[in-house]
Amino acid sequence: MIHTHGIKKSFGTVDVLKGINLDVAKGELVSIVGASGAGKTTLLQILGTLSRPDEGEIIIDGIRTDKLSEKKLSEFRNRKIGFVFQFHHLLPEFTALENVMIPAFIAGRDKNDSEREAKKLLDILGMSHRLTHKPTELSGGEQQRVAIARALINNPAVVLADEPSGNLDTHNKIELHKLLFELRDSLGQTMIIVTHDEGLADMADRKIVMRDGLIIE
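Bear in mind that the values here come from a model prediction, so they are computed numbers and not experimental data.

Quick look at the environment of Val 146
Its location among the elements puts Val 146 in helix H5 (residues 140-152). Between the alpha carbons of Val 146 and Ile 216 there is a distance of 34 Å; along the sequence they are 70 residues apart. Excluding its chain neighbours within four sequence positions, the residues that come into contact with Val 146 are Leu 90, Ala 96, Asn 99, Val 100, Leu 122, Met 127 and Leu 138.

Spelled out as structure tokens, the structure:
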């Protein structure tokens, strides 16, 4: 599903990624760990097409993304990549259902189809009783479940998560970790998770360790 070769990225005089080679199979759940400054989030942003590499090639779902124009890259990102962040970034003026539907609208999907899919995902995530609630009326764990449904609405090829449980209490953290694996098993999603949580990292199919802009393990 993902193939990268020789990915390099610098910011000014700082070499953040120094030649990353990474392959991730379809349906695989991979964790990436390492100290702050190791390059984990930068790599995730490049895989998610939010940032371009200075060198190297990236192929996701058969498409070489590092060669796409900005317009094609934006379309690819909307349809093929789902994002889950530490802070859910839900829009406060919209309900849970509306927040989940937004990426589908951006992709130009039919309203009825989008609503049906959003309700189905929220039901899978145990949120069918909270469809009309706005983010301020939801707990932290519930907000993150809505954010996961939003990431899945366009049936992306890859889901990228950056510290998805970093802002949750212990109970919600454990529930979210279990949920990610259940989703992978039931939907066949390919997932890459950047985390400082060793418990979550060790649950993954494969744990990748980064240090000083390189994969060391």
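Next comes the rest of the description.
Structural notes on the packing of helix H3 (residues 96-106) against H5
Packed helices, taken two at a time, are described by their axes: the angle between them and the distance between them. Put simply, H3 and H5 touch, their axes get as near as 7 Å, and they point 30 degrees apart. In terms of orientation, H3 and H5 fall into the roughly parallel class. Considering only the axes of H3 and H5, their crossing is right-handed. Across the interface between the two elements, Ala 96, Asn 99, Val 100 and Pro 103 of H3 pack against Val 146, Ala 149 and Arg 150 of H5. Partitioned by chemical class, the residues of the contact of H3 with H5 number 5 nonpolar, 1 polar and 1 charged.

Quick notes on the packing of H5 against helix H6 (residues 170-187)
Axis separation between H5 and H6 bottoms out at 11 Å; the angle between their running directions is 20 degrees. Classified by the angle between their axes, H5 and H6 sit roughly parallel to one another. Relative to H6, the crossing made by H5 is right-handed. Of the residues in H6, those touching H5 at Gly 141, Gln 144, Arg 145, Ile 148 and Leu 152 are Asn 172, Glu 175, Leu 176, Leu 179, Leu 180, Leu 183 and Leu 187.

Structural notes on the sheet that holds strand S4 (residues 55-60)
Spatially, the 4 strands line up as an open sheet ordered S2-S1-S4-S5, and their pairing is antiparallel. Looking at strand neighbours, the two that pair on one side only are strand S2 (14-24) and strand S5 (63-64), the edges of this open sheet. Sheet topology note: the strand S1 (residues 2-11)/S2 ladder contains 8 bridges and is antiparallel. Each bridged residue has a counterpart across the sheet, and for Lys 8 the counterpart in S2 is Lys 18.

What counts, and at which threshold
The residue numbers shown here count from 1 along each chain, following its written sequence. With pLDDT at 70 or above as the cut-off, local features in this predicted model cover only qualifying residues; side-chain atom pairs require 80 or more to be listed or tallied, and sums for whole chains, interfaces and linings still use all residues. Excluding hydrogens and water, the side-chain figures rest on all heavy atoms present in the structure. Numbering of helices and strands starts at the N terminus; helices are DSSP runs of H or I of at least 4 residues and strands are runs of E of at least 2. Contacts were defined at the residue level, with two residues in contact if any of their heavy atoms lie within 4.5 Å. The axes are straight lines fitted to the C-alpha atoms, using for helices just the contacting stretch, and the angles between their N-to-C directions are given from 0 to 180°. Our angle categories are set so that under 35 degrees counts as roughly parallel, over 145 as roughly antiparallel, 65 to 115 as roughly perpendicular, and the remainder as oblique. A crossing counts as left-handed when the near helix is turned anticlockwise from the far one by less than a right angle, and as right-handed when that turn is clockwise. Each residue is assigned to one class: nonpolar for Ala, Val, Leu, Ile, Met, Phe, Trp, Tyr, Cys and Pro, charged for Asp, Glu, Lys and Arg, and polar for all the others, Gly among them. What makes two strands pair is DSSP finding at least two bridges between them.

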